[in-house]
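# Structure at a glance
Okay, here's what each chain looks like letter by letter:
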Amino acid sequence: MSKRDFYEVLGVERGASEAELKKAYRRLAMKHHPDRNPGDKASEEKFKEANEAYEVLSDANKRAAFDQYGHAGVDPSMGGGAGGAGFGGANFSDIFGDVFSDFFGGARGGSRGGAQRGSDLRYTLELNLEEAVRGTTVTIRVPTLVNCKICEGSGAKKGTSPVTCTTCGGIGQVRMQQGFFSVQQACPRCHGSGKMIADPCGACHGHGRVEEHKTLSVKVPPGVDTGDRIRLSGEGEAGAMGGPAGDLYVVVNVREHAIFQRDGKHLYCEVPISFADAALGGELEVPTLDGRVKLKIPEGTQTGKLFRLRGKGVAPVRGGGAGDLMCRVAVETPVHLDKRQRELLEEFRKSLLGDTSHSPKASGWFEGVKRFFGDV
């Protein structure tokens, strides 16, 4: 009986890539595997046919010979020199490993269990801006699992010890048979330790660990910001069966400040000034994290103007010079005017009528409006 074209067997085009060949082969191998189709001769033949097709097409030399001469180029019985197809292909073992993994749900057995590292813990630490910038030391209280003091972490009642697991005989693994494959996996009873608790501790009920609140002192370095983490090695949950403890990660969250906003190493603040100070200029006292400083305001200052105070920001926790403090001016419109104040402002407004030199932005804006509506 004549053989089918190998590309037809796998259901791919002649120019298919290696990845496409591999995907097609895996699909067929999983579908027609003898263990999934016991006694089905048709599936067995299709499985062998797929093996042969993939072995040839996954080998560059064999594929070139097949593309040029067909089956005659790869079948010794027909004069070809590529050799017969079987389980000895260069790439077949890799593919077979993939199918093996999928067929058994990815389980290839595990190493013997025993001591297990404890889980890492996370604690969110709230700080104000001053604490984050200058650094501080705080005391925190963390709920965690610690080794039971009664049984010293063994899980067995005081005076007794864990005994050999009756399921795995102390090996920690059990063998699972799937057709002609045999794999090992961790013992479901002792979870790979090889030991089981016959007489559990009354305090921890055989778990070897109990929940407690741990009080710790945390040193916060200067310059930390929201999202920074401080790692306390070995302060996480106690490990099971004598394993090492996990770590505690203290995650910083800096609360909003009433005056300053932080952006990396720079600080920003809004400084309200009066209409008169903005027009005539003057000197203002502004806050910094180190105290008050004088800020000179030139005459004609507009709202939104940004003044930079160098070195008055934050020194980053990872090193480098301190950032700057940016003071953004906000000109305030006076409110609750008395009669005399209103009269003075009316006189001032009249003095400006027709003179646009005092308001260059307004003048340019109104000219733009006129052009927009075609008034000029």
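Residues numbered from 1 in each chain as written. Predicted model: local features only at pLDDT ≥ 70, side-chain atom pairs only at ≥ 80, totals over all residues. Heavy atoms only, no water.

We now examine the overall build of the chain. In terms of helices and strands, the chain carries nine helices and 15 strands. Burial status across the chain gives 34% buried among its 376 residues. Counted over contacts in the chain with a minimum sequence separation of 6, partners at least 24 positions apart contribute 62%. Taken as a whole, the chain presents about 23,200 Å² of accessible surface, with 50% of it coming from carbon and sulfur. (Helix = DSSP H or I, 4+ residues; strand = E, 2+ residues; numbered from the N terminus. Buried < 20%, exposed > 50% of the residue type's maximum accessible area, 1.4 Å probe, protein only. Contact = heavy atoms within 4.5 Å. Areas by Shrake-Rupley, 256 points an atom, 1.4 Å probe, with all protein chains shown as cover.)

Positionally, Pro162 belongs in the loop between strand E2 (136–147) and strand E3 (163–164). Each C-alpha atom of the pair Pro162 and Gly206 lies 9.8 Å from the other, and the pair is 44 residues apart in sequence. Look past the residues within four positions of Pro162 in its chain and what remains in contact with it is Ser154, Ala156, Lys195, Met196 and Ile197.

Considering every residue of the chain, the mean pLDDT works out to 82; 85% of them sit at 70 or more. Within the model, pLDDT remains below 50 along residues 82–113, and this stretch shows 63 contacts once partners closer than five positions in the same chain are excluded. (pLDDT = per-residue confidence, 0-100.)

So, about the packing of aromatic side chains. The tally for this structure, following the rule as stated, stands at four aromatic pairs. Taken together, a centroid distance of 6.1 Å and an interplanar angle of 50 degrees make the contact between Tyr7 and Phe66 tilted. Placement of Tyr7 in helix H1 (residues 6–10) and of Phe66 in helix H4 (residues 60–69) is noted, with a sequence separation of 59 residues between them. In this structure Tyr7 comes out as buried when scored by relative accessible area, which is 2%. Phe66 sits in the buried class, given a relative accessible area of 3%. Each ring, one from Phe275 and one from Phe348, has its centre 6.1 Å from the other, and the planes form 75 degrees; the classification is edge-to-face. Here the residue Phe275 occupies a position in helix H7 (residues 275–280), and Phe348 occupies one in helix H8 (residues 339–352), the gap between them amounting to 73 residues. Cluster of aromatic residues (ring-pair linked, three or more members): Phe6, Tyr7 and Phe66. (Phe/Tyr/Trp six-rings, centres within 6.5 Å; stacked < 30°, edge-to-face > 60°.)

Counting along an α-helix, one turn takes 3.6 residues, and residues three or four places apart therefore face a common direction. When the terminal C-alpha atoms of helix H2 (residues 18–32) are compared, their 21 Å separation across 15 residues agrees well with the 21 Å that a helix rising 1.5 Å per residue should span. Within H2, the full set of buried residues consists of Leu21, Ala24, Tyr25, Leu28, Ala29, Met30 and His32. (Expected span 1.5 Å × (residues − 1).)

So, about the pattern of salt bridges. Under the counting rule described, the total for this entry stands at 20 salt bridges. Notably, a salt bridge pairs Asp120 with Arg117, separated by 3.0 Å at the nearest N-O pair. The class of Asp120 is partly exposed, set by a relative accessible area of 38%. Residue Arg117 is classed as partly exposed on the basis of its relative accessible area, which comes to 46%. Three or more residues joined by partner-sharing salt bridges are found here, namely Arg117, Asp120, Arg231 and Asp247. (Salt bridge = Lys/Arg side-chain N within 4 Å of Asp/Glu carboxyl O.)

The sheet built from four strands is open, its strands ordered E10-E11-E15-E14 with mixed pairing. If you trace the sheet from one side to the other, it starts and ends with strand E10 (261–263) and strand E14 (306–309), each paired once. Strand-to-strand twist in this sheet, taken as the mean axis angle between neighbours without regard to direction, amounts to 30 degrees. Strand direction decides the pairing type here: E14 and strand E15 (residues 325–332), joined by four bridges, are antiparallel. Residue pairing for E15: Arg308 is matched across the bridge by Met326. (Pairing = 2+ DSSP bridges. Axes fitted to C-alpha atoms, helices over the stretch in contact; angles between N-to-C directions.)

Bringing the nonpolar core into the picture now. Ile140, Val218, Val220, Leu248, Val250 and Cys327 are the most contacted members of the largest nonpolar core, which has 36 residues in total. Ignoring sequence-local partners within four residues, the contact set of Val250 consists of Tyr123, Leu125, Ile140, Val218, Asp228, Arg229, Ile230 and Leu232. With 20 residues, the next largest nonpolar core counts Tyr7, Ala29, Ala50 and Phe66 among its residues. (Core = buried A, V, L, I, M, F, W, Y, C linked by side-chain atoms within 4.5 Å.)

Of the pockets and cavities examined, the second largest pocket occupies roughly 390 Å³. Together, 17 residues line the second largest pocket, and Ser154, Ser193, Ile197, Gly206 and Met241 are the ones closest to its centre. Looking at the lining of the second largest pocket, its residues break down into seven nonpolar, seven polar and three charged. (1 Å grid on protein atoms, 1.4 Å probe; cavity = no way out; pocket = protein on both sides within 12 Å on 5 of 7 lines; lining within 4 Å. Points joined across faces, edges and corners; volume = space filled by probe spheres on them. Nonpolar A, V, L, I, M, F, W, Y, C, P; charged D, E, K, R; others polar.)

The three strands are arranged E1-E9-E8 in an open sheet whose pairing can be described as mixed. Pairing within the sheet leaves two strands with one partner each, and these edge strands are strand E1 (121–127) and strand E8 (229–232). Ignoring which end each strand starts from, the neighbouring axes of this sheet average 25 degrees apart.

This part is about unusual backbone geometry. Positive phi outside glycine occurs at Glu152, with the angle close to 60 degrees. Position of Glu152 relative to the elements: it lies in the loop between E2 and E3. With a phi close to 55 degrees, His336 is a non-glycine residue in the positive phi region. Looking at the secondary structure, you find His336 in the loop between E15 and H8. According to the relative accessible area criterion, His336 is exposed, its value standing at 79%.

Moving on to H4. Regarding H4, the residues found buried are Lys62, Arg63, Ala65 and Phe66. In a view along the axis of H4, the buried residues occupy a sector of 160 degrees, so they form one face of it. In this structure, H4 carries Ala60, Asn61 and Gln68 as exposed residues pointing more than 90 degrees from its buried face. Contacts from the buried residues of H4 go to H1, H2 and helix H3 (41–57). N-capping of H4 is provided by Asp59, with a side-chain oxygen placed 3.0 Å from the backbone N of Asn61. (Arc of directions from axis to C-beta. Polar contact = N/O pair within 3.5 Å; in protein donor to acceptor, adjacent residues only side chain to side chain.)

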